[in-house]
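Fold and contact review
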Amino acid sequence: MKILYDWLKEFVAVPFAPGELRERLSLAGIAVEGVSETPAGPSLDLDLTINRPDCLGHYGVAREVAALGRSELPPLSVGLRESSDSAASVTDVEIASPDLCGRFTARVLRGVEVQPSPDWLRKRLEALGQASINNVVDATNYVMLELGHAMHAFDLDRLAERRIVVRRARAGEKIRTLDGVERTLSPEICVIADAARAVGIGGIMGGAETEIGFSTHNVLLESAWFDPVSIRRSSKALGLRTEASTRFERGADPEMAELASRRCAALICELAGGEALAGVVDVYPARREPLPLDLSRKELLRVMGASVPDAEIEAILGALGFAPRRADKTSGSPDSPLATWRCRQPSWRQDVTREVDLIEEVARHYGLEKFPPRLHPAKQPAARLPHAEAEDRLRERLIGLGYHEIVSIPLVNEAEDALFRPAGVTPARVANPLAEDASLLRSTGLVSMAHALAWNLNRGQHNLRLFEIGRAYRLQSGAPDEIRIATIGATGMASEQGVAESAREYGFADLKGDLDQIGNLAGGFDWNAETLAWQHPARAGRILLANAGLRRMEDGKGGQWFVTVGNTVVGSAGELAPRVADKFKLRQGVFLAEWALDPFYEGYGLARDDRKYQPISRFPAVERDFSLILSEGTSFASVRETIAALGIPEIFSIEAVDLFRGTNIPPGKFSLLVRITFQSQEATLTEAQLTDFSSRIISALERKLGATLRSV
Amino acid sequence: MTTDPTTQTLDQRGVTDDSQVEALFQEVRQQFDKQTINLPDDEIGWRMKRDAWLGRKAGVVTRITENWLKTAAPRLRPTVGRCLNDLRSHVEERLEQLHAAVVAAAGSAALARERVDLSLPGVTRPIGSRHLVQQTFEEIERIFLSLGFTVVEGPEIETPYYNFEALNIPEHHPARDTMDTFYLDVPPGSQPHLLRTHTSPMQVHTMEKQRPPVRIIVPGKVYRRDNPDATHSYMFHQVEGLAVDTDITFCEFKGTVEYFVREFLGSAAKTRLRPSYFPFTEPSVEVDASCFACMGRGCRLCKFSGWIELFGAGMVDPAVYGFVHYDATRVSGYAFGLGVDRLSQLKYGIDNLQLFFENDVRFLRQFP
Ligand SMILES: [Zn+2]
């Protein structure tokens, strides 16, 4: 809403220049975005909150200006010369739907001459963004901008039987509105009808057939009040927002209907000549007594924490039209803590219905800066989220491994999501998406990660390591479910060519190594070779977490023990299948992983609680290398397990240090170099012991895995 | 061609008095000085020089001892002895100097070869980064933890009741226009769900579960059905705050908000509360901070007002207490909703909201 500074001055003395007025009004809750210069003088651009329809006109804003100076707004006096014939003798109004229309006033103007508006009027309307149409229509718009009340003028002679019936629309009833659009109505919509048909949509827009034109001589001026909820519902159903609907849906002033009509009639007579018939036809089913409101200093103190002097309370509420009267027994003593005021709700402030609303009125004009800031001590300890520590450690580790954190919008393309979606998952679709690319809540973070990698690759960024800590969404038997997940994505070089370093591409082993480092936080990741549809069939697998199967049990005596219920699949990792990479136009090998965080965080807690110091042996460790020839398909895990199964306590670690295929290796075989470190807690190992361990290990590997020792 | 004098005896040279002895020594000394003007190339060169002069078998000094001193007439002997000692110490001293210089030169040559170019890059292991939104979340969390606020979080998929009704926003409230909402496509007959438009539903969830005092912050994602542009996005981030107790007033609210702004923007930041409207707070305010671009003088960023709108807040509307069965006549409190992306944009001068969600590494790397 724009307000002309000079127009304001017609209602109230404005003791501030426009710039200062902007500041003062803003600090009293009437936000002024800026001041601009127009041909009609300076204009203030108001950014009104929806609870203040009373400021959708200059007169209402003038009341706020008056309150800034603690003075009351002078009442409006409208002189209107009326002819001897009465309006009631010419027209008749019936409200058949009083629940939708609480008041309808009709005034009749006879013998008007419809013409273009004079300059001064056009100038003001145009400065406020209203196109000038003709003097009669412009008068209604002018008074709307002045008093905030939307009105409508009908060509009286085009109204069948020259009378008005306010009713619900009939199902399927049609009307062509002023904007030339034919609209089909429904019974929840309030229409203004004549004896035959709908001639306007109540509180939203008039009809084209009864529009004021240059041939119009007699005018019926409507000034009414409509139920806000009904207007809002109808306006949404019709997809039609107007100056009128904006005012009525926020709660217009029913008392203003008659005054605005009189003011508008006087203006029409001034601009278009003619005569106003005597009186107004006024049907007012919603008339009610003003709502009484009480304000006590005690409550003001309880809410605001600091007092406001009597004089300020009374001056502010008085200026705003609340007519405060002291209603307590201590009214003789100023600023008494027991003071109470009886007020009444002005008809233009339907948003103020409670004591707390009055407190806000007082506070905003008294000045929020006058309330002293205080900090209040906490009565309880503060806590972070239960998984905050685990998440911190995870994020730290990912960053240390070189991954950049991303944040993506979880709304994705359904077909792309389907490329990654595990079987049996019902995705959560959006019922009213704005775009096909954002029509579904992702069922996995992998789809977002693929997008983030593609975005960067398309912009010349080829070496990428990204991670996201977010959520995946799905429907679980009809109800939405949100799952905490971590997703990582990597592509390009693991190390780049440099003066001191040679280039190396990121490969599956990098992903595996990174995930092993991450898994260590939660007791260690395990793997199996099952692959999902998005994964490369040879370089991918599922991630399992042993700790996820651990359950902490209480023994009833304050102790705890853990029960292992087996490894649990928590995620998947590997190279992206070429088929899927193609869909995202990813032209280089891409590695992805995702795992569920709830079991990971649980595993983190268990691993942390389980951690105990392991004594460091004082005796030297001895390394022995075993160069094994194994059949293709034999896993390192089976080698490690075979060795571990011997139960030699002196085995400190078993590592794979080299892998070799080709020359000197028979077909169908490969060579694996295994390094075993032996160490005892009790003594230095003797050569005889080591020889014994070695031969036991070799014979076990030969027996269980058919391994042979490669002669070195 | 002259014969090397040291190969002959003094007699053979025809030296008969002290002055001749001294002249002879002077000649030898000049010879030595001439030979040692230049620094030998290396240790080997120096050793050859040393052996030529001090070598036990064939050095000049030895020869003089043998040929001159031992055969000198007794009257010349003291002078020969003195001159010989002078010569020896002169030679020794000079050779020692030369040796130190040779060693130093060799060292600096080796050093010059080994010297690293400090301007060459080292081997850098790539290090990742926290997303800027995450950094701001952590910063906000740190500030409010210090004030005794506990962190809670809740679902992003909510019911209309928690997102709207219980926050005093009934179905046909105009406030819903400012929060265009994505609804979930749920099977017929199941409860309607939406993507929360703010983190405020956790106010209601928390108060349903817990009696006062309540002091929480709620970080999380929120969604609006707005077409994406420089200031709008389908999704952005908020931190909701709520404090309810029997003794919280507007003054405590103000103190808390001012503390936050100073901690977040720096101690020079001034705070201004401007009356506003939200259905779930009363009184409601917009929290403004003094414009840090122009220090309050007025600029484009602050639309020439000197102030920048930071976030909305206010005293909890008593109507909300009704939904959670709190006694509105006994408890009071405040709530606020920080826009994390907006605060990050303001703090780091980021003019386009979309940058946060494109995840361009050239953006991510700027905030390690
Ligand atoms: Zn500025």
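Residues numbered from 1 in each chain as written. Chains lettered and ligands numbered in written order. Predicted model: local features only at pLDDT ≥ 70, side-chain atom pairs only at ≥ 80, totals over all residues. Heavy atoms only, no water.

1. Notes on the packing of helix α4 (residues 119–127) of chain A against helix α5 (residues 135–147) of chain A
Residues and elements named next belong to chain A.
- Between α4 and α5, the shortest axis-to-axis distance is 11 Å and the interhelical angle comes to 55°. Considering the angle they form, α4 stands oblique to α5. Crossing of α4 over α5 shows left-handed handedness. Residues W120, L121, R124 and L125 of α4 form the contact with α5, whose own contacting residues are D138, N141, Y142 and L145.
- When the residues that make up the contact of α4 with α5 are grouped by side-chain class, the tally is five nonpolar, one polar and two charged. (Axes fitted to C-alpha atoms, helices over the stretch in contact; angles between N-to-C directions. Helix = DSSP H or I, 4+ residues; strand = E, 2+ residues; numbered from the N terminus. Parallel < 35°, antiparallel > 145°, perpendicular 65-115°, else oblique. Left-handed = near helix turned anticlockwise from the far one by under 90°. Contact = heavy atoms within 4.5 Å. Nonpolar A, V, L, I, M, F, W, Y, C, P; charged D, E, K, R; others polar.)

2. Section: the interface of chain A and chain B
- Every contact between the two is made by 92 residues of chain A and, on the other side, 97 residues of chain B.
- Buried area between chain A and chain B, summed over both chains or domains, comes out near 7,900 Å², and the portion from carbon and sulfur atoms is 58%.
- Linking chain A to chain B there are ten salt bridges.
- With a closest N to O distance of 2.6 Å, A:K379 and B:D245 form a salt bridge.
- Counting the contacts that link chain A with chain B gives 48 residue pairs in polar contact (both at pLDDT 80 or more).
- With seven residues, the single largest contributor to the side of chain A that touches chain B is strand β24 (residues 464–476) of chain A.
- Grouping the constituent residues of the side of chain A that touches chain B by class yields 47 nonpolar, 17 polar and 28 charged.
- Alignment of strand β22 (residues 428–430) of chain A against strand β3 (residues 184–185) of chain B, held across two bridges, turns out to be antiparallel. (Buried area = accessible area lost by both parts, 1.4 Å probe. Salt bridge = Lys/Arg side-chain N within 4 Å of Asp/Glu carboxyl O. Polar contact = N/O pair within 3.5 Å; in protein donor to acceptor, adjacent residues only side chain to side chain. Pairing = 2+ DSSP bridges.)

3. Focus on the coordination of the zinc ion
- Note on the zinc ion: its protein donors are B:C291 (SG), B:C294 (SG), B:C299 (SG) and B:C302 (SG). The metal-donor distances range over 2.2 to 2.3 Å.
- Considering all four donor atoms around the zinc ion, the spread of angles at the metal, 103 to 114°, places the coordination shape in the tetrahedral class. (Donors = N, O, S within 2.8 Å, 3.2 Å for Na, K, Ca; no water. Tetrahedral: all angles 85-135°; square planar, octahedral: opposite > 155°, others 65-115°.)

4. Things to note about the side chain of A:S336
Residues and elements named next belong to chain A.
- Tracing the backbone through its elements, the reader meets S336 in the loop between β18 (325–326) and β19 (340–344).
- For S336, a relative accessible area of 5% gives the class buried.
- At 3.0 Å, the side chain of S336 and the side chain of T330 are in polar contact.
- Ignoring any residue separated from it by four or fewer positions in sequence, one finds S336 in contact with R297, D310, R326 and T330. (Buried < 20%, exposed > 50% of the residue type's maximum accessible area, 1.4 Å probe, protein only.)

5. Things to note about the sheet that holds strand β36 (residues 669–678) of chain A
Residues and elements named next belong to chain A.
- One open sheet accounts for four strands, arranged β35-β36-β34-β37; its pairing is antiparallel. Bordering the open sheet on either side are β35 (651–660) and β37 (708–709), each of which pairs with just one other strand.
- Examined bridge by bridge, strand β34 (residues 622–631) and β36 share ten bridges and lie antiparallel to one another. The residue of β36 that forms the bridge with L628 is L672.

6. What to know about the nonpolar core
- By size, the foremost hydrophobic cluster in this structure holds 117 residues, and its most contacted members are A:L411, A:F420 and B:F260.
- Setting aside chain neighbours within four positions, we find A:F420 in contact with A:T444, A:L446, A:V447, A:A450, A:W534, A:L576, A:V580, A:F584 and A:L592.
- Residues A:V32, A:A127, A:F154 and A:A272 belong to the second largest nonpolar core, which totals 99 residues. (Core = buried A, V, L, I, M, F, W, Y, C linked by side-chain atoms within 4.5 Å.)

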